Amino acid sequence: MEVAFNFISFVFFLSFIILLHTQWRKKAKPRRKLPPGPWKLPIIGNLHQFMSDSQKPTHHVLGELVKKYGSQGIMKFQIGEISAVVVSSPAVAKELLRSHDLTFTTKQQFLAIKTLFYNGLGVSFSPHGDYWRQLRKIFAMELLNAKNVRSFSSIRHDEIHCLLAHLRSSSGQLVNVTERIGLLMSSIICKSAFGKVFTGREEFLEQIKEISELLGKFDFADVFPSWKVLHSLCSNKNRIMKAHRKVDRIIENIIKEHREKLESGDCLIDVLITQMHKGGLQLPITHDSIKGVILEIFSAGTETSATTAVWAMSEMMKNPRVLAKAQAEVREAFRGKEKLEEEDMDELPYLKSVVKETLRCHPPVPLLFPRECREETVVCGYTIPFKSKVLINVWALGRDPKYWEDPESFIPERFEKSSIDFMGNHFEYLPFGGGRRICPGLGFGFANALSPLAHLLFHFDWKLPPGDTLDMTEINGIAVTRKNDLLLIPTPIHLC
Ligand code: HEM
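A few points on the structure. (Residues numbered from 1 in each chain as written. Predicted model: local features only at pLDDT ≥ 70, side-chain atom pairs only at ≥ 80, totals over all residues. Heavy atoms only, no water.)

Examining the overall build of the chain
Argument step 1. When helices and strands are counted, the chain shows 18 helices and 12 strands.
Argument step 2. Over its C-alpha atoms, taken along the principal directions, the chain stretches across nearly 115 × 55 × 40 Å.
Argument step 3. Per-residue burial for the chain yields a buried fraction of 53% across its 496 residues.
Argument step 4. Taking contacts inside the chain between residues at least 6 apart in sequence as the whole, the part at least 24 apart equals 73%.
Argument step 5. On the chain, roughly 23900 Å² of surface is accessible, and the fraction owed to carbon and sulfur atoms is 57%.
Argument step 6. For the chain, the centre of its 64 positive side-chain charges and the centre of its 55 negative side-chain charges are spaced 6 Å apart. (Helix = DSSP H or I, 4+ residues; strand = E, 2+ residues; numbered from the N terminus. Buried < 20%, exposed > 50% of the residue type's maximum accessible area, 1.4 Å probe, protein only. Contact = heavy atoms within 4.5 Å. Areas by Shrake-Rupley, 256 points an atom, 1.4 Å probe, with all protein chains shown as cover. Lys, Arg positive; Asp, Glu negative; His and termini not counted. Charge placed at Lys NZ, Arg CZ, Asp CG, Glu CD.)

Structure, rendered in structure tokens:
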């Protein structure tokens, strides 16, 4: 009897201690409130939702999913083994990039990025830390310093005049505007950053297209990293390696050409090679760092500005009212001039608004590269778990009806009397990103898009080929571009 009593007392005592302990734990660690998200399947998670809409670009699919399953513009989802959070609301983007920027400054390295971009040794993909800081500083001081940016305008001017000569010779004929603007931007970037257009530029551009396609593709190895046995069967690795070998050969040649003439050069590549030989930096710049920088300047600098200019032309063709207003502004501002000078661009506020509106409707990087959460963090009341990948949907921020009136329409006037800029302080408008990793080439990129447009409108009238209804479908890549090239017919005009 006494034994039974002791046993029951012991069980009661134990239950009491367990109850106390659970209560204490509940108090000490409040339950985490994770962002809401769609119901997921075992193993694949939400992959089926992305696959069922495979025709749509990822930023559209994510934008729709957040509207349906998210709350306050934030949603959690799972793709295979990868846990991710997507943000579509300016308020959440502000908290992430302003209050918690340091927690989210390291970008995720995909298989394609690791292989093609030299293990992320350039500025864009290197993890946040001293190495990135040092490289970004050299990038900003040597490529984008005030003196260089001024000298780039004369490079731009000369290259635009080559384009104009080509267009005059094609008067009345169909011109592939996408291709021509792509060549123009690559020449501007090559001459500005590498001192000249290097041998093999055309092949490099071809490979950039291939890289662009590969970066926009789903890769089994990225979402099921632990299923190594299946990687050789289901991954794009072979295609990635093939593109890497071709690009690497061209980049090696660029570096060789620069090494041979090192004393006479002072472009970014020469500076990096000199730094590599001199040593003395806290974290050394290696041969692969230089290769990574060459590839990222060429790809990031060329594709983004080119696609902005092409989308702006497309939107103007689709909106004849805007085209007529922008053309009238350019022709009025430069009446009596034979050619436009770079410093004249300040006299084109409406055309600037056209480019800003283009960056809102068609941000070249609509989903900022996934950033890895460094430690569990609460953002706008939701817990973002450690190691989750965080994506900011810049395209959706630019269409939030709480911030933008009639967001689906192309209305450059909305920027005319507005103080909104793209410097990363207005979280409903982040075409160049924000926080510490904001694009360092934003001024250069904007000018590279604006100036050719001014010339195209000043010197030519434009029309669509007969029967063309201007398909505006987008396609994923390094930058989101038009799926079909823009084809237009120029007619030179003679103003006096
Ligand atoms: C219209 C033109 C351009 C657009 C829309 C654009 C957009 C962007 C965006 C969205 C990012 C990511 C920012 C983030 O993750 O928060 C970025 C990063 C970057 N961009 Fe641009 N960009 C343009 C032109 C350029 C040019 C001309 C260059 C160089 C010549 C350049 C070099 C870079 C680099 C190096 C980074 C990585 C910065 C870092 O991670 O620290 N971009 N750009």
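Text resumes after the structure shown.
Quick notes on the packing of aromatic side chains
Argument step 1. Tallying each qualifying case throughout the model produces 18 aromatic pairs.
Argument step 2. Each ring, one from Phe-117 and one from Phe-125, has its centre 5.2 Å from the other, and the planes form 70°; the classification is edge-to-face.
Argument step 3. For the pair Phe-422 and Phe-432, a centre-to-centre distance of 4.9 Å together with 55° between the ring planes defines the contact as tilted. Of the two residues, Phe-422 sits in the loop between α17 (394–397) and α18 (442–459) while Phe-432 sits in the loop between α17 and α18, which places them 10 residues apart along the sequence. For the pair formed by Phe-422 and Phe-432, the shared burial category is buried.
Argument step 4. Aromatic rings pair up to connect Phe-194, Phe-198, Phe-204 and Phe-298 into one cluster.
Argument step 5. For Lys-33, the ring lying beneath its charged end belongs to Tyr-382, and the centroid distance is 4.6 Å. (Phe/Tyr/Trp six-rings, centres within 6.5 Å; stacked < 30°, edge-to-face > 60°. Lys NZ or Arg CZ within 6 Å of the ring centre and 35° of its normal.)

Side note on the layout of surface pockets
Argument step 1. The calculated volume of the second largest pocket comes to roughly 400 Å³.
Argument step 2. Forming the walls of the second largest pocket are 18 residues, and the residues nearest its centre are Lys-67, Ser-88, Ala-396, Asp-400 and Pro-401.
Argument step 3. When contributions to the lining of the second largest pocket are tallied by element, the ones reaching two or more residues are α3 (58–69), α4 (90–99) and α17.
Argument step 4. Here the element with the most residues in the lining of the second largest pocket is α3; it accounts for 5 residues. (1 Å grid on protein atoms, 1.4 Å probe; cavity = no way out; pocket = protein on both sides within 12 Å on 5 of 7 lines; lining within 4 Å. Points joined across faces, edges and corners; volume = space filled by probe spheres on them.)

Some thoughts on the side chain of Ser-299
Argument step 1. Tracing the backbone shows Ser-299 in helix α14 (residues 287–318).
Argument step 2. Polar side-chain contacts of Ser-299 include one of 2.7 Å to the backbone oxygen of Leu-295.
Argument step 3. Filtering out sequence-adjacent residues up to four positions away, Ser-299 remains in contact with Phe-117, Ile-208, Thr-304 and Ile-478. (Polar contact = N/O pair within 3.5 Å; in protein donor to acceptor, adjacent residues only side chain to side chain.)

Describing the pairing of strand β1 (residues 74–79)
Argument step 1. Of all 6 residues in β1, 6 are buried; the element is thus mostly enclosed.
Argument step 2. Neither face of β1 is open: one carries Ile-74, Lys-76 and Gln-78, the other Met-75, Phe-77 and Ile-79, and all of them are buried.
Argument step 3. The loop that links β1 with its antiparallel partner strand β2 (residues 82–87) comprises 2 residues; one of these, Gly-80, has a positive phi angle of about 55°. (Pairing = 2+ DSSP bridges.)

Structural notes on the site of the ligand
Argument step 1. What surrounds the ligand is a group of 25 residues, the closest being Lys-107, Trp-132, Arg-136, Arg-371 and Cys-439.
Argument step 2. Between an oxygen atom of the ligand and a side-chain N or O atom of Lys-107, the distance comes to 2.9 Å.
Argument step 3. Of the pockets mapped on this structure, the ligand occupies the largest cavity.
Argument step 4. Contributions of two or more residues to the shell around the ligand are made by α6 (130–143), α14 and α18.
Argument step 5. For the shell around the ligand, the class distribution of residues is 12 nonpolar, 9 polar and 4 charged. (Near = heavy atom within 4 Å. Sits in = over half its atoms within 2 Å of the grid points. Nonpolar A, V, L, I, M, F, W, Y, C, P; charged D, E, K, R; others polar.)

What about the pattern of salt bridges?
Where charged atoms from two side chains of opposite charge come close, those side chains can pair.
Argument step 1. Per the stated rule, a full pass over the model turns up 26 salt bridges.
Argument step 2. With its nearest N and O atoms 2.6 Å apart, the salt bridge here joins Arg-133 to Asp-130. Of this pair, Arg-133 and Asp-130 both sit in helix α6, 3 residues apart, roughly one helical turn.
Argument step 3. The salt bridge partner of Glu-202 is Arg-201, with a shortest N-O separation of 3.8 Å.
Argument step 4. Given the relative accessible area of 13%, Arg-201 is considered buried.
Argument step 5. Overlapping salt bridges, with partners in common, bring together Asp-248, Glu-252, Asp-288 and Lys-291 in one network. (Salt bridge = Lys/Arg side-chain N within 4 Å of Asp/Glu carboxyl O.)

Regarding the sheet that holds strand β12 (residues 487–492)
Argument step 1. The strand order across the open sheet formed by 3 strands is β4-β12-β9, and the pairing between neighbours is antiparallel. With partners counted over all chains shown, the strands left at the sheet margins are β4 (175–176) and β9 (460–463), one partner each.
Argument step 2. Here 2 bridges tie β4 to β12, and the two strands are oriented antiparallel to one another. For Val-175, the partnering residue across the bridge sits in β12 and is Leu-488.

Some details on the side chain of Thr-302
Argument step 1. If you trace the backbone, Thr-302 turns up in helix α14.
Argument step 2. Among the polar contacts made by the side chain of Thr-302, one reaches the main-chain carbonyl oxygen of Phe-298 at a distance of 2.6 Å.
Argument step 3. Apart from the residues within four sequence positions on either side, Thr-302 is in contact with Gly-182, Met-185, Ser-186, Ile-189 and Ile-297.

Quick word on the sheet that holds β2
Argument step 1. Taken in spatial order, the 5 strands make up an open sheet running β1-β2-β8-β5-β3, and their pairing is mixed. The sheet terminates laterally at β1 and β3 (106–107), the two strands that pair on one side only.
Argument step 2. In the sheet, β1 pairs with β2 via 6 bridges, with the strands oriented antiparallel. Bridge pairing links Gln-78 to Ser-83 in β2.
Argument step 3. Set on the sheet, α3 makes contact with β1 and β2; between it and β1 the angle comes to about 115°.
Argument step 4. Together, β1, β2, β5 (371–372) and β8 (389–392) form the strand contacts of α4, whose direction differs from that of β8 by roughly 125°. (Axes fitted to C-alpha atoms, helices over the stretch in contact; angles between N-to-C directions.)

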